[in-house]
Amino acid sequence: MANKDYYQVLGISKQASADEIKSAYRQMAKKYHPDVFATADEAAKKNAEEKFKEIQHAYDVLSDPQKKAAYDQYGSEDGPTMGDGSGFGGFGGFGGFNGSDIFSDIFSAFTGGSGRSGSSRNNRDRDGDDIEYTLRLTFMEAVFGAKDKEINFTRIEKCATCGGTGAKDASSIKVCSKCNGSGVINIQQRTPFGVMQSQRICDECGGRGKIITDKCKDCGGKGRVRKQCTKKVTIPAGVDNGQMLTVRGEGCSAVGKGANGNLILIFKIDEHPLFKRDGVNVSLEVPITVSQAILGDTIKIPTLDGKTTDLDVSAGTQSGTVKRIRGKGIKYLRKDIYGDMFVKLIVDIPKDLTLRQKAALKDMNETLAKAKYEQVEKYNKLIKGL
Ligand SMILES: [Zn+2]
Ligand SMILES: [Zn+2]
């Protein structure tokens, strides 16, 4: 985590008193608290979470007189950079685990202990990552669902060789001497709720409580490996473009007592040459002949199930007329009702007529009273008035 201007993060001046710092912190923490963003979209949630962590961290430094003094003098609560060549070595802890520790501590404080992480979990436990997988479906697979759809993806799994320990064998696992195997170091932290006892992950063993002397050759000591896997999933009828389906526990493996991640399928649905989809409704364009449009007819319309349904074209149908056929659309997801079908009738004007055909049409046209062309009549009247 790069050092941000902590005063700026809390929206206060460098001269702010301890009380001012505390009240600014409370206001900001309330504004960006995860509870407030519980129903917000992912991006807003993430942003708020980041912001909340920054606020936590800024307050952590500015509320501690020693850290504040170091920060004011050196621009870092750790004081002057040590000349050990590792640069951020002493500071690395804040990036991942410690940051989220502070986060969940305060989270519990606000919500009375009902934070995201269960109390039986400790710092060594971590949920497996979710995997997002774009699943391409044909138009009809989306409409009718798909059974045992095979998908291939990679995920991180527990290493089978070492059983997740990361060690070559049992004798290469030693208890960490710094934390005596607990994985955590107790520290006291000042917060607006008083002095709180909290824990930080042991930097020696990374929270595992153990040191591995000889690493497992297959996972390089990580205890987890990237693996290609194949799953069969059943897709319900009626899924739409961009919709997601969560397959619980099929994401990356957890660490310790954490929960496995989920496999999140995001549907991308191919277009159909004839049918267009709008939610649960389906539409198509059907060409009709001039005489069908003039005289009327009953025509067969293809339906999604591969059969047909009859549609009455009334005499005098204009090109572009849309007819609705109820219940011939797409099944509602997990409901036993169906959308509608919309048929747009397009009058197909014939080209390249023979002389005889042209003459016959002219004859017919001359016998038509002008009033029979309703739209032409209306238009002519309209432009005369301009
Ligand atoms: Zn291994
Ligand atoms: Zn340790």
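Bear in mind that the values here come from a model prediction, so they are computed numbers and not experimental data.

What counts as what
- Counting restarts for each chain, with residues numbered from 1 along the sequence as it is written.
- Here the convention is simple: chains get letters from A, ligands get numbers from 1, in the order in which they are written.
- In keeping with the predicted nature of the model, local features appear solely for residues at pLDDT of at least 70, side-chain atom pairs appear and are counted solely at 80 or more, and the whole-chain, interface and lining totals rest on all residues.
- Hydrogen atoms and water are omitted, and side-chain values are computed over all heavy atoms in the structure.
- For Na, K and Ca the donor cutoff is 3.2 Å, while for all other metals N, O and S atoms count as donors only within 2.8 Å; water does not appear among the atoms, so some sites may look incomplete.
- The rule is simple: four donors are tetrahedral if all their angles sit between 85 and 135 degrees, four are square planar and six octahedral if opposite donors span more than 155 degrees and the others lie between 65 and 115, and anything that fits none of that is irregular.
- Here a strand is any run of E in DSSP of at least two residues, a helix any run of H or I of at least four, and the numbering for each starts at the N terminus.
- Each residue gets one of three labels from its accessible area relative to the maximum for its type: buried under 20%, exposed over 50%, partly exposed in between, using a 1.4 Å probe on protein chains only.
- Exposure above 30% relative accessible area and the absence of a salt bridge qualify a residue for a patch, where like charges join within 9 Å and nonpolar side chains (Val, Leu, Ile, Met, Phe, Trp, Tyr) within 5 Å.
- Areas reported as accessible are Shrake-Rupley estimates using a 1.4 Å probe. Residue values count occlusion only from the protein chains shown.
- We count a salt bridge whenever a side-chain nitrogen from Lys or Arg sits within 4 Å of a carboxyl oxygen from Asp or Glu.
- Each pair of strands is called paired provided DSSP finds at least two bridges between the two strands.
- As a rule, the C-alpha atoms of each element are fitted with a line to give its axis, helices using only the stretch in contact, and angles between N-to-C directions run from 0 to 180 degrees.

Peer 1: Looking at this structure, I do not really get the coordination of the zinc ion (ligand 1). What am I missing?
Peer 2: At 2.3 Å from the zinc ion (ligand 1) lie its protein donor atoms, namely Cys159 (SG), Cys162 (SG), Cys216 (SG) and Cys219 (SG). With four donor atoms in place around the zinc ion (ligand 1) and angles of 103 to 115 degrees between them, the coordination shape is tetrahedral. Sequence positions of the donors to the zinc ion (ligand 1) reduce to the motif C-x2-C-x53-C-x2-C. On the criterion of sequence distance, the pair formed by cysteine 159 in the loop between β2 (146-158) and β3 (173-175) and cysteine 219 in the loop between β6 (210-212) and β7 (224-235) is long-range, its members being 60 residues apart. Judged by relative accessible area, which is 7%, cysteine 219 ranks as buried.

Peer 1: When you look at a nonpolar patch on the surface in this model, what are you seeing that I'm missing?
Peer 2: A contiguous nonpolar patch, built from Leu361, Met364, Leu368, Tyr373 and Val376 and spanning about 410 Å² of accessible area, is present on the exposed surface. Looking at where leucine 361 falls in the secondary structure, it is placed in helix α8 (residues 355-367).

Peer 1: Would you take a moment to explain the sheet that holds strand β8 (residues 244-247) for this structure?
Peer 2: Through backbone hydrogen bonds, the strands of a sheet pair up, either in parallel or in antiparallel fashion. Reading across from one edge, β1-β9-β8 is the order of the three strands in this open sheet, with mixed pairing throughout. Both edges of this open sheet fall to β1 (131-137) and β8, since each of them pairs with a single strand only. When the angles between neighbouring strand axes are averaged without regard to direction, this sheet yields 30 degrees. Judged from the four bridges that link them, β8 and strand β9 (residues 263-269) form a sheet pairing that is antiparallel. Across the sheet, residue valine 247 finds its bridge partner in β9, namely leucine 263.

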